[in-house]
Amino acid sequence: MAKSDGVFKTLDTVLDVGDTQIERAASSGVNKFTMEAQEVRLRPITLQDLYRGNLISDEIFAYGEKFLADVDGRKRIIGKDPKACVNFFSAVIENIKSDASLQFILTTLSDVTEDYEVVCWLVSVPTARNDIYSKVQASLIFARLSAYLKEDGLSEADMIEYKEDMLKYLSSTISYLGSQPEYLDGITIGLMTFLRTDAHREAFFNNNGVKPIVTNLDRRLTFQLQYQLIFCVWMLTFNETIVNKLKDEPVVLALCDVLRATSREKVKRVILAAFRNMLEKSSKSVADQFAGQMIYFKSLPVLTVMMKQTWPDADLQSDLEFLSDRLNNSLQDLSSYDEYLTEVRSLRLEWSPVHSSDKFWRENVMKLNDNDHEVLKLLVEILRSQNPVSVAVAAHDLGEYVRFYPRGKTTVEQLGGKEQVMALVNNGNPEVRMQALLAIQKMMVQNWEYLGKQLETGKA
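All values reported here derive from a predicted model rather than from experimental measurement. (Residues numbered from 1 in each chain as written. Predicted model: local features only at pLDDT ≥ 70, side-chain atom pairs only at ≥ 80, totals over all residues. Heavy atoms only, no water.)

A. Expanded view of the pattern of salt bridges. Counted according to the given criterion, the structure contains 19 salt bridges. Of the charged contacts in the structure, one is a salt bridge between Arg348 and Asp257, with a shortest N-O distance of 3.1 Å. Of the two residues, Arg348 sits in the loop between helix H22 (336-346) and helix H23 (358-364) while Asp257 sits in helix H17 (residues 251-261), which places them 91 residues apart along the sequence. In this structure, the salt-bridge partner of Asp358 is Arg403, at a minimum N-O distance of 3.4 Å. (Salt bridge = Lys/Arg side-chain N within 4 Å of Asp/Glu carboxyl O. Helix = DSSP H or I, 4+ residues; strand = E, 2+ residues; numbered from the N terminus.)

So this is what it looks like as structure tokens:
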């Protein structure tokens, strides 16, 4: 099947189209979804009960018996009469009652739709949802069917129904991403197909689909699941509107963390492809912000090591050279405040030298008021983080802002920072407690320079 929009010029080297469930299990480690699918395939159903109950016709029964019995010949059977196949799955899914039977028929349909030539014949098959396994299989089926749906061939009523189904699919899939880690394999395989369509990318992004992807990348995952999640991010980066909005998501941070830790070429390849899209398809200001993030989160050392190796994949080599040149050029123009701004926007702070540099604060304290106090608001937000180092650094920085900016105390109070810092005085982490106490002290004293001189006089 032709690949549209030029998006998939490297798809064959990135996505192993046509992997079987067993091949995926071997590459990613057997997970619950894969194991359950293997078990379901060993529990074939009988159509006798549906037939005796007059729930399916003679034709559906005869077709189904032949179709289910001839596992190796199913593609050939579908090719002879696609409409009969659609009628069979529609009738059985609509009338089946048993969860076990529904699991089997959905797994069979999912297996059939792994063949992308077959997918186009089955676009009108409904996907029922019941137990969580069936829900994930149904989502996977819907993703495959919708990716090849010819919308211009639908009636207005069918189009409305399809869009309603798509919203249900997005809602459930995004929910499963956050709540069903054991089924992540099936969920992400479906998304990888669904996100091939640009309209689907926007719908997914607008339904807050990026957050659970990033959250999952922070977990311990097999390299295959990492790859599948990052592939979904890569798909999103082909949309320029989405790319410019990704600056507000911790996507670069998550990808840099994986890039530094992984030894797998396919994972590195898809990360670099996503990074290149971010830099090429975003506006200049956003691209500069992305570049700063990639530098701050230590992707350059990884790229430097990779540049010393030989990569047979021409696209990987091209992306590597592009990113290395771009980031090294950006590094020359990056100021200490640019690095600080990148760090704060990531919402993950560390004790880097700028935090304790009086010179840095004297030269840059006024910049914390820029963009309607963007940095200060982010520091106040970080005070609610679960990361004690980030919380301690944020409390310290708010104290330094008050120390070096004459009206800093009033501004921090107006943004709710003083109240939150005071609440940290009883925090269970000793570093957080100490930094909170020091920040409160700075907020209580109006003229630190005067106090310093008085202390020096006293010592003399």
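Now that the structure has been shown, we can carry on.
B. Geometry of the environment of Thr410. The residue Thr410 is located in helix H26 (residues 408-414) in this model. Linking Thr410 and Met443, residues 33 residues apart in sequence, is a C-alpha distance of 9.1 Å.

C. Highlighting the packing of helix H11 (residues 156-179) against helix H12 (residues 184-194). Direction vectors running N to C along H11 and H12 enclose 140°, while the axes themselves pass 10 Å from each other. By the angle class used here, H11 and H12 are oblique. Crossing of H11 against H12: the hand is left-handed. On H12, the residues touching Met166, Tyr169, Leu170, Thr173, Tyr176 and Leu177 of H11 are Leu184, Ile187, Thr188, Gly190, Leu191 and Phe194. Split by residue class, the contact of H11 with H12 holds nine nonpolar, three polar and no charged. (Axes fitted to C-alpha atoms, helices over the stretch in contact; angles between N-to-C directions. Parallel < 35°, antiparallel > 145°, perpendicular 65-115°, else oblique. Left-handed = near helix turned anticlockwise from the far one by under 90°. Contact = heavy atoms within 4.5 Å. Nonpolar A, V, L, I, M, F, W, Y, C, P; charged D, E, K, R; others polar.)

D. Fine view of the nonpolar core. If you look at the biggest cluster of nonpolar residues, it comprises 110 residues, and the most contacted ones within it are Phe88, Ile105, Leu255, Phe275 and Met278. Top contributing element to this core by residue count: helix H15 (residues 223-236), with 11 residues. Those residues in contact with Phe275 that lie beyond four places of it in its chain are Val252, Leu255, Cys256, Leu259, Met294 and Leu323. In this structure, Leu349, Val375, Val432 and Ala436 belong to the second largest nonpolar core, which totals 35 residues. (Core = buried A, V, L, I, M, F, W, Y, C linked by side-chain atoms within 4.5 Å. Buried < 20%, exposed > 50% of the residue type's maximum accessible area, 1.4 Å probe, protein only.)

E. How the structure looks around helix H25 (residues 388-404). The terminal C-alpha atoms of H25, which comprises 17 residues, lie 24 Å apart, in line with the 24 Å expected from a rise of 1.5 Å per residue. The element H25 is largely enclosed, with a buried count of 14 among its 17 residues. The N-cap of H25, judged by a side-chain oxygen 3.0 Å from the amide nitrogen of Val389 a few residues on, is Asn387. (Expected span 1.5 Å × (residues − 1). Polar contact = N/O pair within 3.5 Å; in protein donor to acceptor, adjacent residues only side chain to side chain.)

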